[in-house]
Amino acid sequence: LAAFARVATAGATVLVEVPREVVFRATSDLSKRSYLFAVGALALALIVAVWASRRLTRPLFALEASMATVSRGGLGTRVPVDGPRELRAVGEAFNDMSRKLLTRGEELSEANAQLVQSTKLAAVGELAASIAHEVKNPMVGIVGFSQLGQESKDVAEMHEYFQLVEKDAQRANGILKNLLEFARPELEYAPADLNTVVREAVALCRHQLLSSGAEVKLELADKLPPVRANENQLKQVFLNLLMNAAQALEKSPTKQITVSTGTSGTDVLAAVEDSGPGIAPHIAANLFKPFVSTKPRGQGTGLGLSTSRGIVQAHEGDLRVVNAAGRGARFEVRLPPAHRSQQPTE
């Protein structure tokens, strides 16, 4: 590259030449420095952006994880309150919501337990006449054999009468013990034989079923796998289904209730079926909702089936009505076997 200038006084021209590689070397060095500076500035900006974003999103991720925990039932979960003012406000609001949800959950659990117990005591009230009759029979035997024992002068005969008195006393004691165990508000879960639960539920309301003219038929399968359950609560479910079946048979010419057990797939199954008029489809669709009842006004609260389904679902099972109107009503209780249940023993 060259440049020149004329010198008028000297009548000459000054010419200056610089090699091309020298000129462009400086430009190349400047370009390289500019590129390096740009790359460094971009890397620094990227590092700052990542750091800032993580600082901002870390509380959000913690909030998201806590919300997932709450959605799975972990009420009362708290998140750390840190970060910018807006995020702290969100964290405080979430913690307040979680605390209130825990309180509401405890209140609902307590209310549900009271509802289950109240429906159980209502069933006990309905069974009062039946229990009185069941206890009266052995008491009549006890009084009669005691009087005969007092009049007898033969020791062997007296011993026989006393054995009969003890037998009837044990029978009456068993009836009352079964009733008291049913009325207790315990919530213990343990492996249970579904056939035994069904038999004891039938025994509790046997007199009431017979007095209504209903014939009870038991079809219990052998060697059922045990279920993890609270026997008193399951007894309440079957008692409610049996009494509903008896009520449905009031105007039916054939009065038969069939209680069966067995297995269905991997579930343990128990069914209560009656020969009544059945349940209309529009009623069956809402049958398990609270305050829905097929009984005449004043003869039911509409909470029996709703409470029964809640009990069965708490046992990780299902309660359903499976038949159509005109063929009687069939209610099925499906429960997982004890080895598959996740219900803890308390």
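Small disclaimer: the values here were computed from a predicted structure and weren't measured.

Visitor: Kindly report on the confidence of the model for the chain, identifying the contributing residues and their values.
Guide: A low pLDDT means the predicted coordinates there should not be read in detail. Residues with a pLDDT of 70 or more make up 79% of the chain, whose mean pLDDT is 77. Here residues 297-301 is a poorly scored stretch, pLDDT under 50, and it has 2 contacts once near neighbours within four places are set aside; other chains count.

Visitor: Explain the packing of helix α5 (residues 194-204) against helix α7 (residues 231-248) to me, and be specific about the residues and the numbers.
Guide: At a minimum axis distance of 9 Å, the contact between α5 and α7 shows a crossing angle of 55°. One way to sum up the angle between α5 and α7 is to call them oblique. In the crossing of α5 with α7, the sense of the turn from one axis to the other is right-handed. Contacts from Leu194, Val197, Val198, Glu200, Ala201, Val202 and Leu204 in α5 reach Glu231, Leu234, Lys235, Phe238, Leu239 and Leu242 in α7. Each residue belonging to the contact of α5 with α7 can be placed in one class, and the counts come to 10 nonpolar, no polar and 3 charged.

Visitor: Any chance you could break down the pairing of strand β7 (residues 267-274) for me, citing the residues and the numbers?
Guide: With 6 of 8 residues buried, β7 lies mostly within the body of the structure. Pairing of strand β6 (residues 256-264) with β7 involves 8 bridges; the strand directions are antiparallel. For Ser260, the partnering residue across the bridge sits in β7 and is Ala271. Hairpin connection from β6 to β7: 2 residues lie between these consecutive antiparallel strands, with Gly265 at a positive phi of about 65°. Across 6 bridges, β7 lies against strand β9 (residues 330-335) in antiparallel orientation. Paired with Val268 across the bridge in β9 is Leu335.

Visitor: Got a sec to walk through the pattern of salt bridges? Specific residues and values, please.
Guide: Using the criterion set out here, one finds 7 salt bridges in the structure. The partner of Lys217 in a salt bridge is Glu219, and the shortest N-O contact between them spans 3.3 Å. Taking the relative accessible area as the measure of exposure, Glu219 reaches 38% and is therefore partly exposed. Two residues, Glu273 and Arg330, come together in a salt bridge whose shortest N-O distance is 3.2 Å. Placement of the pair is Glu273 in strand β7 and Arg330 in strand β9, with a sequence separation of 57 residues.

About the criteria used
Residues numbered from 1 in each chain as written. Predicted model: local features only at pLDDT ≥ 70, side-chain atom pairs only at ≥ 80, totals over all residues. Heavy atoms only, no water. pLDDT = per-residue confidence, 0-100. Contact = heavy atoms within 4.5 Å. Axes fitted to C-alpha atoms, helices over the stretch in contact; angles between N-to-C directions. Helix = DSSP H or I, 4+ residues; strand = E, 2+ residues; numbered from the N terminus. Parallel < 35°, antiparallel > 145°, perpendicular 65-115°, else oblique. Left-handed = near helix turned anticlockwise from the far one by under 90°. Nonpolar A, V, L, I, M, F, W, Y, C, P; charged D, E, K, R; others polar. Buried < 20%, exposed > 50% of the residue type's maximum accessible area, 1.4 Å probe, protein only. Pairing = 2+ DSSP bridges. Salt bridge = Lys/Arg side-chain N within 4 Å of Asp/Glu carboxyl O.

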